[in-house]
Amino acid sequence: MRERSGVGVVCGLLVLLGALLTGCQSPSGGVAEDGRLGERTTGRTGETATVPPAPTRPSGYGAVFLAVGECSSFGTTSFTEVPCTGERAAARVAARHDGTVRDGPRCPSTTDFVLHISEQRPASDEDGDGAVPQGFACMRNLQPPHPGDPGGGGGPRTIVGDCVYGSGDGQVRETACDGTGRREPQYKVVRAVTERADCPSPTALYVRLGGKRPVGCARPL
């Protein structure tokens, strides 16, 4: 009888030790060895609920529509955002602003052209907020020609080094200094100053440039 009693005590200790070890183990779907969360139990026997990963904001191409450094396809009225390494890429965004060109900041001086972006409110867009605000992108061609360069004959801004001709309505328009444009150049902007009195003596025309030095001093060609 003593032998049976001793065996019973040992078995009871083994059962108790097993219960203690079981209680020290991690619950099903707890923290894994690498620190990541796995499945979480729902409290019902045999049922688990998968913990969804936290939503992440896309990065790079497509994170924000035509962000600085991204590229567009050909066209100024109909265009799409494309990877800069793709064969459809034509120009890169040098600056990007909300609102209109008239009310917004000025584009960089060597901008080749401006893309006007209409406000869009689709069901979802690249950044996940369901809207693309009205704005404009200052674009620089990936390959020459660059009409925004000094003397290039185009671009949204007239800068020092550009050539112009009289349009006949009291206005001047930009044209290529090398004569390859549709109109021959008549004047060349040689300096930008704050007031007309600061222009050099050979100045024959004053061109409105805008910015901190809004007066362009142009000499005849």
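Here the structure is a predicted model, which is why all the values come from computation and not from measurement. In this numbering scheme, every chain counts its residues from 1 along its sequence in written order. With pLDDT at 70 or above as the cut-off, local features in this predicted model cover only qualifying residues; side-chain atom pairs require 80 or more to be listed or tallied, and sums for whole chains, interfaces and linings still use all residues. The side-chain numbers reported here are obtained from all heavy atoms of the structure, hydrogens and water having been left aside.

J.: Explain unusual backbone geometry residue by residue, including any values.
T.: For the bond from Pro144 to Pro145, the omega torsion is 5°, close enough to zero to count as cis. Secondary structure elements follow DSSP: runs of H or I of four or more residues count as helices, runs of E of two or more count as strands, with numbering from the N terminus. Within the secondary structure layout, Pro145 lies in the loop between strand S7 (135-141) and strand S8 (163-166). For Leu66, which is not glycine, the phi torsion reads 50° and is therefore positive. By the element assignment, Leu66 lies in the loop between strand S2 (48-49) and strand S3 (71-72).

J.: Account for the sheet that holds S7, with residues named and values stated.
T.: In any sheet, the strands associate via hydrogen bonds between backbone groups, in a parallel or an antiparallel arrangement. Any two strands between which DSSP finds at least two bridges are classified as paired. If you trace the five strands from one edge of the open sheet to the other, you get S4-S3-S5-S7-S6, paired in antiparallel fashion. The sheet is open, and its two borders are formed by strand S4 (81-82) and strand S6 (113-117), each paired with just one other strand. As paired strands, S3 and strand S5 (residues 91-98) are joined by two bridges and run antiparallel to one another. The residue bridging Cys71 from the neighbouring strand is Arg92, located in S5.

J.: If you had to explain the environment of Gln186 to someone new, which residues and values would you point to?
T.: Assignment of secondary structure puts Gln186 in the loop between strand S9 (172-175) and strand S10 (187-193). Buried, partly exposed and exposed residues are distinguished by accessible area as a fraction of the type maximum, computed with a 1.4 Å probe on protein chains only: under 20%, between the cut-offs, and over 50%, respectively. Assessed through its relative accessible area of 35%, Gln186 is described here as partly exposed. Nitrogen and oxygen atoms within 3.5 Å of one another constitute a polar contact, given that in protein one can donate a hydrogen and the other can accept it, and given that sequence-neighbouring residues count only through two side-chain atoms. Within polar-contact distance, the side chain of Gln186 engages the backbone nitrogen of Gly166 at 2.8 Å.

J.: Account for the state of the cysteines, with residues named and values stated.
T.: In what follows, a disulfide is any cysteine sulfur pair within 2.5 Å. Tallied over the entire structure, the rule returns four disulfides. A disulfide bridge connects Cys199 with Cys217, and the sulfur atoms are separated by 1.9 Å. Residues Cys199 and Cys217 are joined through a disulfide that is left-handed, its torsion about the S-S bond being -80°. Taken together, the positions of Cys199 in the loop between S10 and strand S11 (205-208) and Cys217 in strand S12 (residues 215-220) put the pair 18 residues apart, joining distant regions of the chain. Each member of the pair, Cys199 together with Cys217, is buried. The connectivity of the disulfide bonds within the chain can be written as 1-2, 3-4, 5-6, 7-8, using the sequence rank of each bonded cysteine.

J.: Outline the side chain of Glu70, listing residues and values.
T.: If you trace the backbone, Glu70 turns up in the loop between S2 and S3. Charge counting follows a simple rule: Lys and Arg are positive, Asp and Glu are negative, and His as well as the terminal groups are ignored. By definition here, a salt bridge exists when the distance from a side-chain nitrogen of Lys or Arg to a carboxyl oxygen of Asp or Glu is within 4 Å. Buried charge without a salt bridge: Glu70, with Arg96 as the nearest opposite-charge side chain at an N-O distance of 7.7 Å. Among the polar contacts made by the side chain of Glu70, one reaches the main-chain amide nitrogen of Ala67 at a distance of 3.0 Å.

J.: Help me get a handle on the side chain of His146, residues and values and all.
T.: In this fold, His146 is placed in the loop between S7 and S8. Polar contacts involving the side chain of His146 include one to the side chain of Asp112, which spans 2.9 Å. Every residue in contact with His146, bar those within four places of it in the chain, is listed here: Asp112, Arg140, Asn141 and Gly152. Any two residues whose heavy atoms approach within 4.5 Å at even a single point are treated as in contact.

J.: Quick rundown of the confidence of the model for the chain? Include the residues and the values.
T.: Across the chain, each position has a pLDDT score giving the predictor's confidence in that residue, from 0 to 100. In this model, the chain carries an average pLDDT of 76, and 65% of its residues clear a pLDDT of 70 or more. Contacts from residues 1-60, a stretch scored under 50 in pLDDT, to residues over four places away or in other chains number 28 contacts.

J.: Hey, could you go over the sheet that holds S10 for me, with residue numbers and the actual values?
T.: Taken in spatial order, the five strands line up as S9-S8-S10-S12-S11 in an open sheet, and their pairing is antiparallel. Edge positions in the sheet fall to S9 and S11, since each has one partner strand and no second. Across the sheet, the mean angle separating the axes of adjacent strands is 45° when strand polarity is ignored. The pairing of S8 with S9 spans four bridges and is classified as antiparallel. Directly across from Cys163, in S9, lies its bridge partner Thr175. For helices, the fitted axis covers only the stretch in contact; all axes are lines through C-alpha atoms, and the angles between them, taken along N-to-C directions, range from 0 to 180 degrees.

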